[in-house]
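Each chain is listed here by its residues.
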Amino acid sequence: MSETILSDLAKALGDQSIKVIDLTHTLDPDFPVIILPPEFNQCARFRMEEISAYDHRGPAWKWHNITLSEHTGTHFDAPAHWISGRDLPNNSVDTINPANFVGPVMVIDCSEGSATNEDFELTPELILAWEEEHGEIPKDSWVLMRTDWSKKTGADYLNMRDDGPHSPGPTPDAIRFLIHERNIRGFGTETVGTDAGQGSHYTPPYPAHFYLHGAGKFGLQCLANLDLLPPRGAILLAAPLKIKDGTGSPLRVMALVQGNDI
Ligand code: 23J
Ligand code: MN
């Protein structure tokens, strides 16, 4: 590789012709976590407690202890998260090859359909229609489903009803297409899971989790600002914490976007 690629990148970052877009929600105790059917154990929200704040507990310093789930806030899902990926090599966040943490990202805009249909589904047909316009999804890409769901606040985000949560997501066929026909690196959403709110009613239940992680692919959830990304051409930076045997991790997700793309 020519050394000019990295020096060109440094220059472009310096003059902001390449911009860094933050795709992360703020970790806040009020940010919702997924609520599973009541027979299952639940994951914890973010919590923060003061150790000291320039006071008698520590006169010149302020710091906090934090408590969270691997699956709190904007977070990464590793193959070990699901039973289908249980026996794969390098399936936990501490063993994934870090080359996977930097790479190309495609954004499929489902915001219009999701505005009028809380159970909007991404289908293979919609993926093919996106490719007609933007070209084939390259292998080893991240594919993100834009729904603008990240702009919802309070109860509207989980959108719980008597029969559970309602939010958009991919069909089982869409996920299988992305894995088997396009060999993607991973799939990300703005909602609380990579699956639709009603994902437990598909066969298999939670198909995005089941198929992605069974194929050694990754997930990203609770993403924000996908409306600031071009359909293709951006680079995603998504490196989970190196938790021993971790099944996922909150993380800072960023995209590098060329100025004339936004
Ligand atoms: C456990 C069970 C079902 C789901 C999830 C976790 C998640 O969405 C997650 O955070 O991975 S759907
Ligand atoms: Mn998760």
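Residues numbered from 1 in each chain as written. Chains lettered and ligands numbered in written order. Predicted model: local features only at pLDDT ≥ 70, side-chain atom pairs only at ≥ 80, totals over all residues. Heavy atoms only, no water.

Peer 1: When you look at the sheet that holds strand E12 (residues 218-221) in this model, what are you seeing that I'm missing?
Peer 2: In any sheet, the strands associate via hydrogen bonds between backbone groups, in a parallel or an antiparallel arrangement. Taken in spatial order, the nine strands of this open sheet run E1-E15-E13-E5-E7-E11-E12-E4-E14, and their pairing is mixed. Two strands bound the open sheet, and with one partner strand each, they are strand E1 (18-22) and strand E14 (248-250). Taking each pair of neighbouring strands and ignoring which way they run, the sheet shows an average axis angle of 25°. Looking at chain direction, E1 and strand E15 (residues 253-258) are connected through five bridges and run antiparallel. Across the sheet, residue valine 20 finds its bridge partner in E15, namely leucine 256. Contacts from helix H1 (residues 4-14) reach E1 and E15 within the one sheet, and its direction differs from that of E1 by about 70°. (Pairing = 2+ DSSP bridges. Helix = DSSP H or I, 4+ residues; strand = E, 2+ residues; numbered from the N terminus. Axes fitted to C-alpha atoms, helices over the stretch in contact; angles between N-to-C directions. Contact = heavy atoms within 4.5 Å.)

Peer 1: How should the environment of valine 143 be read in this particular structure?
Peer 2: Within the element layout of this structure, valine 143 appears in strand E7 (residues 142-146). Valine 143 sits in the buried class, given a relative accessible area of 0%. Sequence separation between valine 143 and leucine 68 is 75 residues, and the spatial gap between their C-alpha atoms is 26 Å. Not counting residues up to four positions away in its chain, the partners in contact with valine 143 are Met106, Ile108, Ile137, Leu178, Ile184, Gly186, Phe187 and Gly188. (Buried < 20%, exposed > 50% of the residue type's maximum accessible area, 1.4 Å probe, protein only.)

Peer 1: Which parts of the structure should I look at to understand the coordination of the manganese ion (ligand 2)?
Peer 2: At this site the manganese ion (ligand 2) is bound by His71 (ND1), His75 (NE2), Asp77 (OD) and Gln221 (OE1), with donor distances of 2.1 to 2.5 Å. Coordination at the manganese ion (ligand 2) comes from six donor atoms whose angles at the metal span 57 to 176°, giving a geometry best classed as irregular. The sequence pattern formed by the donor residues of the manganese ion (ligand 2) is H-x3-H-x1-D-x143-Q. You can see aspartate 77 sitting in strand E4 (residues 75-77) and its partner glutamine 221 sitting in strand E12, a full 144 residues away along the chain. Taken as a pair, aspartate 77 and glutamine 221 share a single burial class, namely buried. (Donors = N, O, S within 2.8 Å, 3.2 Å for Na, K, Ca; no water. Tetrahedral: all angles 85-135°; square planar, octahedral: opposite > 155°, others 65-115°.)

Peer 1: Can you help me understand the side chain of arginine 146 in this one?
Peer 2: Within the secondary structure, arginine 146 sits in strand E7. Taking the relative accessible area as the measure of exposure, arginine 146 reaches 17% and is therefore buried. A polar contact of 2.9 Å, which involves the side chain of arginine 146, links it to the side chain of aspartate 148. Residues contacting arginine 146, with those up to four places away along its chain left out, are Val107, Ile108, Asp109, Cys110, Ser111, Glu190, Leu226 and Asp227. (Polar contact = N/O pair within 3.5 Å; in protein donor to acceptor, adjacent residues only side chain to side chain.)

Peer 1: What exactly am I supposed to notice about helix H3 (residues 124-134) here?
Peer 2: Along an α-helix, residues three or four positions apart point the same way, because every turn accommodates 3.6 residues. Pro124, Ile127, Trp130 and Glu131 are the residues of H3 that are buried. On an axial view of H3, the arc spanned by its buried residues comes to 115°, and they lie on one face. Turned more than 90 degrees away from the buried face of H3, the exposed residues are Glu125, Glu132 and Glu133. Remark: glycine 135 follows H3 within two positions and exhibits a positive phi of approximately 95°. (Arc of directions from axis to C-beta.)

Peer 1: What is the right way to look at the pairing of strand E13 (residues 234-238) in this model?
Peer 2: Regular strands show a simple pattern: their side chains alternate between the two faces of the sheet. Covered by surrounding structure in E13 are Ala234, Leu236 and Ala238 only, the residues Ile235 and Leu237 on the alternate face being uncovered. Pairing of strand E5 (residues 102-109) with E13 involves four bridges; the strand directions are antiparallel. From the neighbouring strand, proline 104 faces E13, where its bridge partner is isoleucine 235. Bridge count for E13 against E15 is four bridges, and the pairing is antiparallel. By the bridge assignment, isoleucine 235 is partnered in E15 with leucine 256.

Peer 1: Any chance you could explain the site of ligand 1 here in plain terms?
Peer 2: Ligand 1 sits among Ile34, Leu36, His71, His75, Asp77, His81, Trp82, Val192, Gly193, Tyr206, His209 and Gln221. Here an oxygen atom of ligand 1 sits 2.6 Å away from a polar atom, N or O, in the side chain of histidine 81. A distance of 2.9 Å separates an oxygen atom of ligand 1 from a polar atom in the side chain of histidine 209. Calculation on ligand 1 without its partners gives an accessible area of 320 Å², and the protein chains cover 89% of this total. Here the residues of the shell around ligand 1 sort into five nonpolar, six polar and one charged. (Near = heavy atom within 4 Å. Areas by Shrake-Rupley, 256 points an atom, 1.4 Å probe, with all protein chains shown as cover. Nonpolar A, V, L, I, M, F, W, Y, C, P; charged D, E, K, R; others polar.)

Nothing here speaks to function; it is geometry throughout.
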